[in-house]
Amino acid sequence: MVQTSFLLVTALLAAGVTGFEPEPDDGPRVTATLFAEHAVVQPGQTTWLAIRFEVQEGWHIYWPGQNDTGMSPILDWKLPKGWEIGRARWPAPSRHVSAGDMLDHVLEGSATVLFPVRVPKDATPGSGAMLFCAAEWLVCKQMCIAERDDLMYSLKVAGQFQPLPVARSRDLAEIAHARSLLPEPMPESGDPVSAALNEDGSLMIHAAPGVRLTFAPYEDSRAALDLLTSGTSETGELRVSFDPADERPIAGVITIEGNTGKARSFEYRHPPASSQELDGFTIQGNDPRPEEESP
Amino acid sequence: MISRILHRSMIVALGCTVFAAGAQAQLSAKPQQAEKQIKEKIQQVERDVDSIVKSMKEAKKARIDAPAPDFTLIDTEGKEHRLSDYIASGKVVVLEWFNPQCPYVREHYNAEGKGTSTTLEKEFAEHNVVWLRINSGSEKSRTSGKELNEQFRKEWKITGPVLLDPEGKVGMAYGAKVTPTMFVITTEGIIAYEGALDSDPSPSKTGEEIYVRSALKSVLAGETVEKKQTKAVGCSVKYAAKARPRG
């Protein structure tokens, strides 16, 4: 009898691990929504777009960092000719270690990525502009599912009788909230965290004793070595080594988590990037869509 | 068994060549001496194959340009496959880490058997290339098990076997982190390519360059593979919780 109930419990546990997982065709695990800071923009203005990923509980998508597995969302923008889109600003990731000692940096729950957009100076006043993004992502739990969505947003370029940009309050709140969650610039004072390169090329990060520190390098950063063990510590000190043959700049996110439990994140770059590099604007126009309508 | 026979016949064929050459060179020498030299040559050929197999058995961790770690795994039909048997019999071997429910794997298959993976497998089969798919998912993973993998093997018209590695030992030895991860192994038992199947990182389309095709062409032509290593992108291999990489 004891054995039977043991078997039953084991069977139920096993079912919990694998049996009740939804099938791939149960509907999307992630909903992506596009937000725009302004509904009406001015020629030459910089405005912001955001994509919010709502990830079902227990599932994760991939942050664009040095990950062992998965793929960060592919966001393929198609903007009107002459419009420029800048570098994606992602919120800080969390570390996800899976069986086989595989380390990934992932996003769970609600995660919003921000993009600056520059309206061309010669945009026709009163014209409409369709912003389009083909989004594709991999979402995983104990299995992975590829999902995609086409996101669209229609903006208007301010005309003669409406010369000022118009914000959209719901979107504005969403974008402001997303911006508050982005990694901050490294504090010049060294408080609450400081980072410096050693002579041997390793990165030393310091915070108050006992603070949990994490370093997550971006995908295109100089390759960090052995992140599984050296990417996080709970002593307030963290030393990250890099591939000496790799000459790319170091870029990533440092996260600190003190006793209060509230995490803060900072973006570290070496050498420091210029504001132009940070904005990362690329002009659109190679593959224009029929977006500019006549007034 | 078959490989053993092939192995022997190769040596006999090589032995004949050696004998012909040896006979010509040794016309004036004593017959016993010539025979001894031929025996030595034959042994050398045999030792070469043996030393290839030996180096594969000794290899613990897969590295590019180094011997491929040997393994024996059971396929979905219960048949045993030993990597070094294929190499000893003169095959070039492609390893593909496989999970029939991973979108990055599914991308390369379809019910017509005309996906990138099955097409390549057929294309190179006549050139002595064997394609071994390996599922290193744990028994608890919903993507492993012989029934599921056999079902997809049939559905996708896969010619070669799907090998099961539920303890993840082979996956760990090869450092396979995602599906698909590809390896191309030469007839010398050397890993000539490791990485992605093709150049596109998304699961929705196949890239312009099929890395595995380029690697196979180079290997078969006896040339160095231009891109020896690429980053494999895909789903994590669903290892058993106790699976640990080898040092």
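Notes on the structure follow. Every value quoted in this text rests on a predicted model; they were computed, and no experiment measured them.

Topic: the overall build of chain B
Counting its secondary structure elements, chain B contains 8 helices and 9 strands. Across the 247 residues of chain B, 52% fall into the buried class. When contacts within chain B are restricted to residue pairs at least 6 apart in sequence, long-range pairs at least 24 apart make up 72% of them. For chain B, the accessible area works out to roughly 12,200 Å², and carbon and sulfur atoms hold 54% of it.

Let's talk about the sheet that holds strand β1 (residues 72-75) of chain B
Residue and element names in this part refer to chain B. In spatial order, the strands read β2-β1-β5-β4-β3-β7-β8; together these 7 strands make up an open sheet with mixed pairing. Two strands close off the open sheet at either side, each with one partner strand: β2 (80-82) and β8 (191-195). The sheet shows a mean angle of 30° between the axes of neighbouring strands, taken without regard to direction. The pairing of β1 with β2 spans 3 bridges and is antiparallel. Note that in β2 the partner of Leu73 across the bridge is His81. Contacts between helix α5 (residues 116-125) and the sheet are confined to β3 (92-97) and β4 (129-135), with β4 contributing the most and set at about 150° to the helix.

Description of the interface of chain A and chain B
Facing 22 residues of chain A, the contacting portion of chain B comprises 26 residues. For the pair chain A and chain B, the interface holds 1 salt bridge. Going through the elements one at a time, β10 (128-140) and β11 (144-157) of chain A are the ones with two or more residues in the side of chain A that touches chain B. Examining the composition of the side of chain A that touches chain B, we find that 4 residues originate from one element, β11 of chain A, more than from any other. Residues that form the side of chain A that touches chain B fall into these classes: 10 nonpolar, 6 polar and 6 charged.

Quick notes on the pattern of salt bridges
Residues and elements named next belong to chain A. According to the stated counting rule, one finds 28 salt bridges over all chains in the structure shown. Among the ionic pairs, Glu84 bridges to Arg118, the shortest N-O distance being 3.2 Å. With Glu84 in strand β6 (residues 84-85) and Arg118 in strand β9 (residues 110-118), this pair connects stretches of sequence that are 34 residues apart. Among the residues examined, Glu84 registers a relative accessible area of 18% and is labelled buried.

Description of the packing of aromatic side chains
Residues and elements named next belong to chain B. Taken as a whole and assessed by the stated rule, the structure comprises 14 aromatic pairs over all chains. Consider the rings of Trp97 and Phe183, whose centres lie 5.7 Å apart with planes at 70°: the pair is edge-to-face. One end of the pair, Trp97, is in strand β3; the other, Phe183, is in strand β7 (residues 182-185), with 86 residues separating them in the sequence. Assigned by exposure class, Trp97 and Phe183 land together as buried. Ring centres of Phe98 and Tyr109 lie 5.7 Å apart, and the angle between their planes is 85°; this geometry places the pair in the edge-to-face category. Of this pair, Phe98 sits in the loop between β3 and α4 (103-106) while Tyr109 sits in the loop between α4 and α5, and the two are 11 residues apart along the sequence. Each member of the pair Phe98 and Tyr109 is classed as buried.

Some remarks on helix α6 (residues 146-155) of chain B
All names here are of chain B. Regarding α6, the residues found buried are Leu148, Asn149, Glu150, Phe152 and Arg153. Structurally, α6 contributes buried residues whose contacts are with α4, β4 and β5 (162-164). Backbone geometry just downstream of α6 places Lys157 in the positive-phi region, at approximately 55°.

Thoughts on the state of the cysteines
Evaluated as defined, the whole model comprises 2 disulfides over all chains. In this model, Cys140 of chain A is linked to Cys144 of chain A through a disulfide, with the two sulfur atoms separated by 2.2 Å. The disulfide joining Cys140 of chain A to Cys144 of chain A has a torsion of about 110° about its S-S bond and is therefore right-handed. Covalent S-S linkage joins Cys102 of chain B and Cys235 of chain B, the inter-sulfur distance amounting to 2.1 Å. With the S-S bond torsion at 85°, the cross-link from Cys102 of chain B to Cys235 of chain B turns out right-handed. With a gap of 133 residues between them, Cys102 of chain B in the loop between β3 and α4 and Cys235 of chain B in strand β9 (residues 235-236) connect regions that are remote in the sequence. We note that Cys102 of chain B, like Cys235 of chain B, is buried.

Thoughts on the environment of Gly90 of chain B
Summarising the element assignment, Gly90 of chain B is placed in the loop between α3 (83-88) and β3. Excluding residues that lie within four positions of it along the chain, Gly90 of chain B makes contacts with Asn128 and Thr187 of chain B.

Conventions used here
Residues numbered from 1 in each chain as written. Chains lettered and ligands numbered in written order. Predicted model: local features only at pLDDT ≥ 70, side-chain atom pairs only at ≥ 80, totals over all residues. Heavy atoms only, no water. Helix = DSSP H or I, 4+ residues; strand = E, 2+ residues; numbered from the N terminus. Buried < 20%, exposed > 50% of the residue type's maximum accessible area, 1.4 Å probe, protein only. Contact = heavy atoms within 4.5 Å. Areas by Shrake-Rupley, 256 points an atom, 1.4 Å probe, with all protein chains shown as cover. Pairing = 2+ DSSP bridges. Axes fitted to C-alpha atoms, helices over the stretch in contact; angles between N-to-C directions. Salt bridge = Lys/Arg side-chain N within 4 Å of Asp/Glu carboxyl O. Nonpolar A, V, L, I, M, F, W, Y, C, P; charged D, E, K, R; others polar. Phe/Tyr/Trp six-rings, centres within 6.5 Å; stacked < 30°, edge-to-face > 60°. Disulfide = S-S within 2.5 Å.

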